[in-house]
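Coordinate inspection notes
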Amino acid sequence: LPNALPFKSGVRSNIAAVRKMMCHWGYYWEDARAIIDIIDAGGEEVRSIRNLYALALNLTMSQHVAISSAGAAYSYTRARKEWLQLVPALFSVASKDTRMVLAYLSSDLLTGHAVAGSMREVPGLHDKRRFKIYVYIVKHDQVVAAVDAENSGLADAILVDAHAAEMSELAQWINDAGTHVVIDCNGQTGRESLPALAMRPAALHVHYLGFPSTIGASYIDHIIGDPIVSPPELVGYYTEKLLLLPTTFQVTSHKTRQSHPFADGRTSPLPPMRTVGYVEGEEDLRLYHGFPAAGPTLCNWNQHFKLDPEFFGVWARIIKQVPNSTLIMLRYPEESEPHLRYAARQMGLTGDQLRFLPKASLTEHLQRTSFCDLFLDNREYNSGTTCTDSLWAGVPTITMPRMKHAGRHAVSMIRAVGGTAQILQPRNEDEYEEYAVRLLLKPNTWKRVHSDIVA
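Everything in this summary refers to the structure shown in the same document. Position numbers for residues count from 1 along each chain, tracking the sequence in the order it is written. The predicted nature of this model means local features are confined to residues of pLDDT at least 70 and side-chain atom pairs, given and counted, to a pLDDT of 80 or more, with totals for whole chains, interfaces and linings taken over all residues. Processing note: side-chain calculations cover all non-hydrogen atoms of the structure and skip hydrogens and water entirely.

1. Considerations on the sheet that holds strand β2 (residues 131-137)
- When DSSP finds at least two bridges between two strands, those strands are taken to pair. Helical segments are the DSSP runs of H or I of at least four residues, strand segments are the runs of E of at least two, and each set is numbered from the N terminus. As summarised here, the arrangement of the seven strands in space is β3-β2-β1-β4-β5-β6-β7, forming an open sheet in which the pairing is parallel. Across the chains shown, the open sheet's two edge strands, defined by having one partner strand only, are β3 (158-161) and β7 (241-244). Neighbour-to-neighbour, the strand axes of the sheet open up by a mean angle of 25°, direction not taken into account.
- Where strand β4 (residues 181-184) lies against strand β5 (residues 204-207), four bridges are found, and the strand directions are parallel. The residue bridging V182 from the neighbouring strand is H205, located in β5.
- Pairs of residues are marked as contacts when any of their non-hydrogen atoms sit within 4.5 Å. Orientation is described by axes fitted as lines to C-alpha atoms, over the contacting stretch for helices, and by angles from 0 to 180 degrees between their N-to-C directions. Of the strands in this sheet, β1 (100-106), β2, β3 and β4 touch helix α9 (residues 167-176), which is tilted by about 170° from β2.

2. Considerations on empty space enclosed by the protein
- Points on a 1 Å grid over protein atoms alone make up a cavity when a 1.4 Å probe fits among them but cannot get out, and a pocket when they form an open set with protein on both sides within 12 Å along at least five of seven lines; lining residues each have an atom within 4 Å of a point. Grid points are joined across faces, edges and corners, and a volume is the space filled by probe spheres set on the points. All chains considered together, the criterion is met by five cavities of 30 Å³ or more.
- In this structure, the largest cavity spans a volume of roughly 130 Å³.
- If you trace the largest cavity, you find 16 residues lining it, with A16, A17, K20, D31 and L57 closest to the centre.
- When contributions to the lining of the largest cavity are tallied by element, the ones reaching two or more residues are α1 (9-21), α2 (28-41) and α3 (51-54).
- If you tally residues by element for the lining of the largest cavity, the top one is α1, at five residues.
- Nonpolar residues are Ala, Val, Leu, Ile, Met, Phe, Trp, Tyr, Cys and Pro. Charged residues are Asp, Glu, Lys and Arg, and all others, Gly as well, are polar. Counted by class, the lining of the largest cavity contains ten nonpolar, two polar and four charged residues.
- In this structure, the second largest cavity encloses a volume near 70 Å³.
- The wall of the second largest cavity is formed by M61, H64, V65, P212, S213, T214, Y237, Y238, K404 and H405.
- Residue composition of the lining of the second largest cavity, by class: five nonpolar, four polar and one charged.

3. Observations regarding the packing of helix α16 (residues 385-392) against helix α17 (residues 409-417)
- Taken N-terminus to C-terminus, the directions of α16 and α17 make an angle of 25°; their axes are 9 Å apart at the nearest point. As summarised for this structure, α16 and α17 are arranged roughly parallel, according to the angle between their axes. Crossing angle aside, the handedness with which α16 passes α17 is right-handed. Facing α16, whose interface residues are C387, T388 and L391, α17 presents A410, M413, I414 and V417.
- Partitioned by chemical class, the residues of the contact of α16 with α17 number six nonpolar, one polar and no charged. In this scheme, roughly parallel covers angles under 35 degrees and roughly antiparallel covers those over 145, while 65 to 115 is roughly perpendicular and the rest are oblique. Here a crossing is taken to be left-handed if its near helix is turned anticlockwise relative to the far helix by less than a right angle, and right-handed if that turn runs clockwise.

So this is what it looks like as C-alpha cells:
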C-alpha cells in the first residue's frame with residue numbers, strides 16, 4: 001500500500017504491523033518512524049499500536065512504557081463499563097479452605113504455544129497440601145486439550161472453561177474462588193484478559209513470562225524477572241514491583257513436552273557429535289527433515305515479525321563467510337517467505353543457502369534443532385522458549401543483549417549455562433558476526449561451548 005495515503009494512525013499502525021509480520025521491508029523504516037510519531041504525539045491513538053510487534057522495534061524504554069500504559073488504560077476503561085454488571089460486587093472472600101488459592105490465567109497453557117512448552121509443569125509443582133490451584137482456560141482450543149488433563153501435567157489443578165466468559169464473569173469467578181494470587185501469563189499479547197484484572201478480583205496480581213515488558217497497569221502488582229532481564233537500573237521503566245529470581249526467570253518443562261522418543265529410538269535430542277556440520281549417522285535424518293546432507297547449519301525458529309532488515313544482513317554476511325553453510329527458518333508465517341528470499345538474494349545469498357521448514361510437533365522440532373550447529377538469535381526481540389529448546393538440544397545460541405527485557409531474554413539463559421557459553425554474548429553487530437563465524441570455522445572452539453551447554 002502507498003505509504004503517503006492519509007491513513008488515520010490506528011489504521012497506519014496496523015498496516016505497519018502486518019508489513020512487519022510479512023517482512024515486507026520496503027517500508028520498514030517509514031513504518032517505524034510512523035510508530036514513533038504516533039507515540040510522541042500521545043493521545044488515544046497510542047493504544048492502537050500492537051504492543052507485541054512494537055517490542056521488535058528499536059524504541060526507547062520510555063516509548064515502550066507509553067505503549068503499554070496506553071493499552072492498560074484502555075483495558076481499565078473496558079473494565080469500568082462492565083463493573084456494574086457484577087452481582088454481587090467483588091469483595092474479599094473468606095475461603096473455607098485453609099490453603100492459599102492461586103489462579104493461573106493463560107490463553108496458551110494447554111496449546112502448542114511456546115508459553116505452554118515452558119509453563120506446562122509449573123502449576124503441578126505446587127505443594128497441594130498448601131496450595132489450591134485454578135487454571136482459567138481463556139482460549140477455545142485449550143478447552144479441547146483440557147479433556148486430557150492427566151497427560152497435560154495439570155491433573156491436580158482445577159480447570160475452568162472461561163473462553164466464552166465476559167470479563168466481568170471471569171473476574172467474578174476468580175473472586176468467588178477466594179483467590180489470593182492471580183498469575184497472569186498473557187500480559188499485552190493480543191489475547192489478554194487485563195480488563196478482568198482491572199476489576200481487582202484477587203488480593204495480588206502477578207505477571208509472569210507471557211509478555212516481556214512492563215504491563216503498564218496499576219492493577220498488576222508484580223512482574224517476575226531476574227537481574228539480567230530486569231536489572232535494578234531499569235526499575236523506573238516498570239509500573240510493577242520486580243520479583244527477581246536469582247539465575248534466570250525462564251522456566252522450562254521439557255520433561256512434559258518431550259513425552260515420546262525420537263524417530264531413531266533416542267530419548268535425548270543429543271546425537272553423537274564429532275564436529276561442526278557433521279553428526280554421526282544423521283545423513284538420512286537430515287534429508288528427511290529438509291536439511292542439506294552436509295555442511296554447517298544455522299537456524300532461527302522465531303516468528304518473522306521479530307526480524308529486521310539490518311540484522312538479517314548480519315546473518316547473510318555470516319553465511320557468506322562460512323563455506324557450504326545454510327540458514328534454516330520456519331514458515332512462520334508462510335506469506336513472509338517470498339519477501340525473505342528476495343531480501344536474501346539482494347544480500348548475495350543463493351536459493352540453497354536459505355531454507356524454510358513447516359512448523360512441527362515438539363518431538364520433531366527438538367530433533368531437527370539438534371542437527372543445527374548454531375542458533376542465530378534476533379536483535380530487538382530475543383528468543384524465549386526457542387532459546388531454551390536450542391540450548392537443551394545442545395546447540396550454541398548467539399545473542400546480542402539490548403536494553404529492554406525482550407532484548408535480554410536469551411542472555412539470561414546463556415549466563416545461567418555459564419562456562420565458555422559466555423562467548424555467545426557479543427556486544428554489537430560486528431562482534432556478533434565475528435563470534436558466529438569463529439564458532440563455525442573453528443571446531444575446537446565450538447566443541448568447548450557445546451560441551452558446557454550439555455554438561
